[in-house]
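Listed below are the residues making up each chain.
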Amino acid sequence: MNAKPKTSASASASIASSSASSCNTPAAAGGSSGEGRLEWRTLLHWLQEDGLIDEAQVLRTEGRFAAGDSSLHPLVRLGHGGLTRSNTGKPLDVDALSEWLAERAKLPYLRIDPLKVDVGRVSDVMSVGYAEAKRCLPLLVGVTEVTIATSEPFDTGWVAQIEAHVRKPIKLVVANPLEIARYTTEFFTLARSVRAAAKAGESSQVASFEQLVELGRSNKQLDANDQGVVQVVDWLWQYAFDQRASDIHLEPRREMGVIRFRIDGVLHTVYQLPPTVMSAMTSRIKLLGRMDVVERRRPLDGRIKTRNPAGDEVEMRLSTLPTAFGEKMVMRIFDPDTAVKDLSMLGFSSHDSERWEKLVTQAHGIILVTGPTGSGKTTTLYSTLKRLATDEVNVCTIEDPIEMIEPAFNQTQVQTALDFGFAEGLRALMRQDPDIIMVGEIRDLATAEMAIQAALTGHLVFSTLHTNDAAAAITRLTDLGVPSYLISATVIGVLAQRLVRTLCNHCKVPDPSVTRDTLNDMLKHWRMNGGVKPYKPVGCLECRNTGYRGRAGLYELLTVGETVKSHLHPTPDISALRRQAMQEGLRPLRLAGAMKVAEGVTTLEEILRSTPQWQT
């Protein structure tokens, strides 16, 4: 995304600055004032010419604005002036006015997506002073052209000078002046911080698998508390919160380190950094997470609590891993608002919500939540336990690691170095007078046996397994060596789940290609009889042109009643078990997904990708 610049940032700044002083732009066609610069009176009359506003609005606005001048961009001033479309009455905000201006100037209109901006090359095209003076912002330095956003589409005298500087043609697009002003400050500040950090650590040596031996170089290490590094780390977190990232990846590579965000389950490359800067960033984060900064040879875990831009507390779980080119770090973000949700917000249907509520209020037994990594098991468990953790009960957990600190629970972390695993933790919890116990994962027979012992002695036990569906959890326990009679006596329910991307409400459109017959053909053993209102993705700025924004859960709940228990044998017939569970209310994951498609929440492609085919 961000290749090494051909021209230094300082050279770029000096060239662009000199261009700014010598730039003498002609007035734009169409009658705008002063070297092609927009003026609010001209824009007001253009709006009337194009039939967007009537004369009454023009006179009213002129009367209100005539009293004084403003440093605001004319589009911003008009956008905040209360103008409305004369034919529809819809407000003409800054976005609407910017889009109209682009059409008038016969240029493309673009909403700036910061994840798609070539941030590392912004300062190579022009200086921050030049960008602010011309009200423009470089967005992408391509192989054949440079894309620059402007809020002054008729002030183009500077274009030829920048083309001569970058030796590529310039593609102009119109963007919201508020976005240009915001990202100009943010991107140039970031580029300056990265440049300062790289300069401070340009002579450092980063330990990697292919370390070059360079004679005559000092071994000065870039300080984790260097101001440039501090600013880049602060930007990284604020940026991740703003982009709704669930994970941040810092990945060292041979030439440049890569920063990636996971958003709605998909990784996006955000930025590339010199290896020295990425190493210093990793050290800075380890320092804040109270991890061993010196230790780079083995994996480490830590956690940090900070605040998002809204002022809410957010926890981040840190994990490092030695790689060929240095330490790789992953930060998992746990937002309290997303970690503890109402069941309807998680995606439970009313059918499964009622059955789950009934299940989790049992006095004792084992409830398993299954699914692959990243399927939302922890969120489901925390949300459920949060509701059960009243003053009358003692909720204890044993986790590896503790995903998120919750004051209502008594949480304990596995310490493998001290021979304190899940089984040992469960044994200790049994002496703590618990009512409800949550075991992070049943990985072996010892843990399974302790969970069964806890359930037999009158405790409600929650845990997780990695299986494809609910019924497979029974065979998984059998494979671990748990006798079928103990499974029958303790397991009261299994919840299998998946996460699917949900359609963006800003751009989704009806999909006539998906019908009830289409969904029934996919389900094979099931039939849908209700209404079908499917939608398909389109793509807009709100969803980064993916067509999806956010995720929802799909659930398959197996309750272990007497008839289901009759199928629990040393070698259980899994197909017969599924059929019996279906008769007792189980709805398979694919059916749950089909219902989401019918409701217009997600797409058929998402369901087929995420759910296993129902087998009997």
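Residues numbered from 1 in each chain as written. Predicted model: local features only at pLDDT ≥ 70, side-chain atom pairs only at ≥ 80, totals over all residues. Heavy atoms only, no water.

> I'd like a rundown of the pattern of salt bridges, residues and numbers included.
Taken as a whole and judged by the stated rule, the model has 32 salt bridges. Residue R244 is joined to D264 by a salt bridge in which the shortest nitrogen-to-oxygen separation is 3.3 Å. Pair noted here: R244 is in the loop between α10 (227-242) and β4 (247-251) and D264 is in the loop between β5 (257-263) and β6 (266-273), with a separation of 20 residues, a long-range link. Since its relative accessible area comes to 31%, R244 is described here as partly exposed. One salt bridge in this structure joins D352 and R355, with 3.4 Å as the shortest N-O distance. Of the two residues, D352 and R355 are both situated in helix α14 (residues 350-360); the distance of three residues between them amounts to about one turn of the helix. Each of the two residues, D352 as well as R355, counts as buried. Salt bridges here are not isolated pairs; linked through shared partners, they connect R303, K305, R307, E313 and E315. (Salt bridge = Lys/Arg side-chain N within 4 Å of Asp/Glu carboxyl O. Helix = DSSP H or I, 4+ residues; strand = E, 2+ residues; numbered from the N terminus. Buried < 20%, exposed > 50% of the residue type's maximum accessible area, 1.4 Å probe, protein only.)

> Provide a residue-level description of the UniProt feature "domain: Bacterial type II secretion system protein E" (unreviewed entry) in the chain, including the pertinent values.
In the numbering used here, UniProt assigns the "domain: Bacterial type II secretion system protein E" (unreviewed entry) feature to residues 430-444. Between the C-alpha atoms that bound residues 430-444 the distance is 18 Å, and the span itself is 0% helix and 27% strand. (UniProt positions renumbered as here; feature names shortened; annotations may be inferred.)

> Explain the sheet that holds strand β3 (residues 170-174) to me, using residue names and the numbers behind them.
The strand order across the open sheet formed by three strands is β1-β2-β3, and the pairing between neighbours is mixed. Strand pairing shows two members of the sheet lacking a second neighbour, β1 (136-141) and β3, which therefore form its edges. Across the sheet, the mean angle from the axis of one strand to that of its neighbour is 25°, orientation sign disregarded. Here five bridges tie strand β2 (residues 146-150) to β3, and the two strands are oriented parallel to one another. Among the inter-strand pairings, A149 is bridged to a residue of β3, identified as V173. (Pairing = 2+ DSSP bridges. Axes fitted to C-alpha atoms, helices over the stretch in contact; angles between N-to-C directions.)

> Before we move on, could you go through the packing of aromatic side chains and cite the residues and values that matter?
Taken as a whole, this structure holds nine aromatic pairs when the rule is applied. Ring geometry for W40 versus F65: centroids 5.1 Å apart, planes at 80°, classification edge-to-face. Of this pair, W40 sits in helix α2 (residues 40-49) while F65 is found in helix α3 (residues 55-65), placing the two residues 25 residues apart along the sequence. Both residues of the pair, W40 and F65, count as buried. One aromatic cluster is present, formed by W235, Y239, F261 and Y271 through successive ring pairs. A cation sits over an aromatic face here: R501 above Y548, 4.1 Å from the ring centre. (Phe/Tyr/Trp six-rings, centres within 6.5 Å; stacked < 30°, edge-to-face > 60°. Lys NZ or Arg CZ within 6 Å of the ring centre and 35° of its normal.)

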